[in-house]
Every structure is written in C-alpha cells, then in structure tokens.
Amino acid sequence: MLSKTFLAVVAAQLALGQTLTEVLTAQNSSLSTLIGLLQGQPDLLSAVAGLSDITILAPSNEAFTTLLSDPAIAAAVQADPGIVPALLSYHVVNGTYYAGDLTSAPGPVFVPTLLTNETFTTVEGGQRVEVRGSSDGVSIFSGGGAESKVTGADFNFTGGTLHIIDKVLTIPSNLTTVLTSTPDLSSLTTAVTTAELVEPLEGIKQLTVFAPLNTAFEAIAETAANLTVEQLTAVLGYHVVSDAVVYSSDIEDGASVATLQGEEIKLTIRDGSVYVNEAKVVMPNVLVKNGVVHVIDGVLIPKNLASGGDSTPSGTPSSSMPAPTASGSGTPTPSVVPAGAAGMGVASVGVALAAGAFAVLLQL
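Every chain is numbered on its own, with residues counted from 1 as its sequence reads. Predicted model: local features are reported for residues with pLDDT of at least 70 only, side-chain atom pairs are reported and counted for 80 or more only, and whole-chain, interface and lining totals are derived from all residues. Hydrogens and water molecules were not included; the side-chain quantities draw on all heavy atoms of the structure.

*Asks:* Even after reading the chapter, I still don't get the overall build of the protein, so can you show me in this structure?
*Replies:* A helix here means a DSSP run of H or I that spans at least four residues, while a strand means a run of E at least two residues long, and both kinds are numbered starting from the N terminus. Scanning the protein from terminus to terminus reveals 17 helices and 14 strands. A 1.4 Å probe rolled over the protein chains alone gives each residue an accessible area, and that area as a share of the maximum for its type sets the label: buried under 20%, exposed over 50%, partly exposed in between. Burial statistics for the protein: of 364 residues in total, 50% are counted as buried. Contacts are assigned to residue pairs that have any heavy atoms within 4.5 Å of one another. Pairs at least 24 apart in sequence give 69% of the contacts found in the protein among residues at least 6 apart. Surface accessibility in these figures is a Shrake-Rupley result with a 1.4 Å probe; residues are shielded only by whichever protein chains are displayed. When the accessible surface of the protein is summed, it comes to about 15800 Å², and 55% of that surface belongs to carbon and sulfur atoms.

So, in structure tokens, the structure goes:
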C-alpha cells in the first residue's frame, strides 16, 4: 500500500510546473482574502514565490473573517502597516512538510517560520509554530496556545506545499503580556516585578522560562515571606535558561541545563511527563516573543540558597536565608512541596491563554 507521503511526493512532481500564484488562484474560492493581502504586499509575495523548500499555512476566507470581526484587531491592522507582512511571514514555514509526514510524527514538531522581524520576535532562525499530527489530522499551535486545524492539505507548487487552515495564526506575545494575562501566574508576575527582572528577561533574545503556578508559591509561602530581594532574584534566575530556547521535543531524559542563576537544573521524563528537578511540567510550550515558557507545579529552590549559602547571580549582592526543607544532597534540589492542587491552575491557564489569543496576536 502506498504511503501518504509517497503519494504527496508524486503529486508534487506532477505539479512541478505550477507556481505559487497558480496554486493560490486555483483555490481562489477559499483563499481570496489571503490572495488580496499578498497582492497588497508585492515585495513579500515576490520573495515567497522565489523561495524553495517551504510550506505555506494558508488561512481560509472564514478564518480572516473571524479575525477581523474583532474591532480592536481591525483597528490595529489599519494603524500599523507592519503587522500585515509580519503576520503573513509567520504563515510561511521553512521546510516542506506534507500532511502525511506530520500525522505520523511521534510528537510535536517545532518548525521555524519566515517571521524574523525583531519587533515581533528575537527567536533565532525565525519564530516557531508547534505542529501536532494524529490520525484525526494536523493542528498548528501558535501564540496564546491558539489552535488552527488543517482543512485542506498538500496543494503542491514548485517551491513546496500549501495547507489551508481554519484560523489565522497568532504571533506570540512578549513574556510580560503572557504572564499578566494569565491569572494563575500572577504570583510569578509579582515576583518578577518586585525583583525588577521584567526588562532584563525581555532583553534576552533566546529564553526558556519554567513558570510556577500560584499554588506552587502558596506551598512555600512561609519561606518566600523571608526572602530578600536579592534572594528572590536568585530563585527566579534558577527558573530561567538564557541563550537557549528549549521546547519539549528538545528535552532528553537526565539532561542537566545551566540556569541564569548559575546552578544547573535536571530534566527528566517519567511516564511521558517532563520534570524539572521534582516539579512537573503541567503545561508545556507556551510560545513567547523571545522563546518559550513551560508552566510547572512547584517552585525551584537553588541548592546553595536551600543550604543557606550565597546563590545570587553574578554581580548581585549576596545574602543568606534560613534553609527551607529540601532533599537530595549532591543532586539538584527539588522543588519545595509541589502543589497538589495544580489541576485547577492548569485549566485556568489554558482558558486564559485561549481567551487572550486575539489580544496577544498584535501585542508587541
């Protein structure tokens, strides 16, 4: 029996003479809005038409109608001409991905797009989209956790292939917007603000953040109340990996990763779930302007700080604190009392991200 991928390749060969313009024109009844937008960006259209080995995620007319029915988004698009080419660039993926390749993938795939404008992203190689395939089809996840489903696949042209999707992708927002728009991360937002880390974190071009839920902070409330600002800065730095964007698909069981604070965290995979020391990742791969956020159910405490030593980042005044309860001498200190009630928080985070998807779309 011939595989779907083989058939797609054969179809691509048969369509070898079709240009991108010809493929779009043939799908005019579904893609006329996209065609109009591309015609309004002749430089972008010319550049994309001249590329090879790309995949275009083409929102349907209904997808654009839904997007532009929000008055705030329609006004923002009119006010900032730069949004349209950025948004269109985010729908062009580097690499040719046929639907059959994606439905058979063992897990999520994070693929780079042509969106490299630093007003909208600083992720090296272009902002990513998350692609998940299953027997039910292919879904694309973008900023705010917004999901777009492939409704028409493998419209091949000389430079690659095109898939029609049912929702316009959402450009990932900056870290501050993601945190402040998510009620169950309000404790982390307050901590980052108190430690004056908002601008420094947003200034890091490649970033991975492990973000504890409010319930995780509540579990160490007594310890947290005794932290100085310098110690708080050290704790928060222990949740950040700088100069690297680590998606869930990049994580290898048993890997150790250096943090902004200086110490290493240990990443493990147990029963299909990712753990950071002993904190469980309860919501992975929240895309942001300069990287990715993974929501966790426990607060990570640096080993030196847990033992009363100086664990502040280089250049930060050192101070001491009473040692909170911790275990694992000689290994990364586990999170202190992972929150048992995290389930409610996870649901709330998901709802907040989904509800704010349109607002995040155009947030710089």
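*Asks:* Explain unusual backbone geometry to me, please; I cannot follow it from the model alone.
*Replies:* Trans is the common state for peptide bonds, and a negative phi is the common state for residues other than glycine. Even without a glycine there, the phi angle at Asp243 is positive, about 65°. Unusually for a residue other than glycine, Asn277 sits at a positive phi of about 55°. Along the chain, the position of Asn277 falls in the loop between strand S12 (273-276) and strand S13 (279-288).

*Asks:* Where do I start with helix H10 (residues 186-194) in this structure?
*Replies:* Owing to its 3.6 residues per turn, the α-helix brings residues three or four apart onto one side. Every buried residue belonging to H10 is among Leu188, Thr189, Ala191 and Val192, and all of these are buried. One face of H10 carries all of its buried residues, which in axial projection span an arc of 165°. Glu196 sits one or two residues past H10 and shows a positive phi near 55°. By definition, the arc is the one covered by directions from the helix axis to the C-beta atoms.

*Asks:* Can you walk me through the sheet that holds strand S7 (residues 160-165) in this structure?
*Replies:* Hydrogen bonding along the main chain pairs the strands of a sheet, whether they run parallel or antiparallel. Judged by pairing direction, the sheet is mixed, and its 7 strands sit side by side in the order S2-S1-S7-S6-S5-S4-S3 without closing on themselves. If you trace the sheet from one side to the other, it starts and ends with strand S2 (92-94) and strand S3 (109-112), each paired once. Across the sheet, the mean angle from the axis of one strand to that of its neighbour is 35°, orientation sign disregarded. Here, a strand pair is defined by DSSP locating no fewer than two bridges between the strands. The sheet contact formed by strand S6 (residues 147-157) and S7 spans 5 bridges and is antiparallel. Each bridged residue has a counterpart across the sheet, and for Phe155 the counterpart in S7 is Leu162. Axes here mean lines fitted to C-alpha atoms, for a helix over just the part in contact, with angles spanning 0 to 180 degrees between N-to-C directions.

*Asks:* Is there a simple way to think about the sheet that holds strand S8 (residues 207-212) in this case?
*Replies:* The 7 strands lie next to each other as S9-S8-S14-S13-S12-S11-S10, forming an open sheet whose pairing is mixed. The open sheet has two edge strands with one neighbour each: strand S9 (240-242) and strand S10 (255-258). When the angles between neighbouring strand axes are averaged without regard to direction, this sheet yields 30°. For S12 and S13, the ladder comprises 2 bridges, and the chain directions are antiparallel. Among the inter-strand pairings, Tyr275 is bridged to a residue of S13, identified as Lys280.

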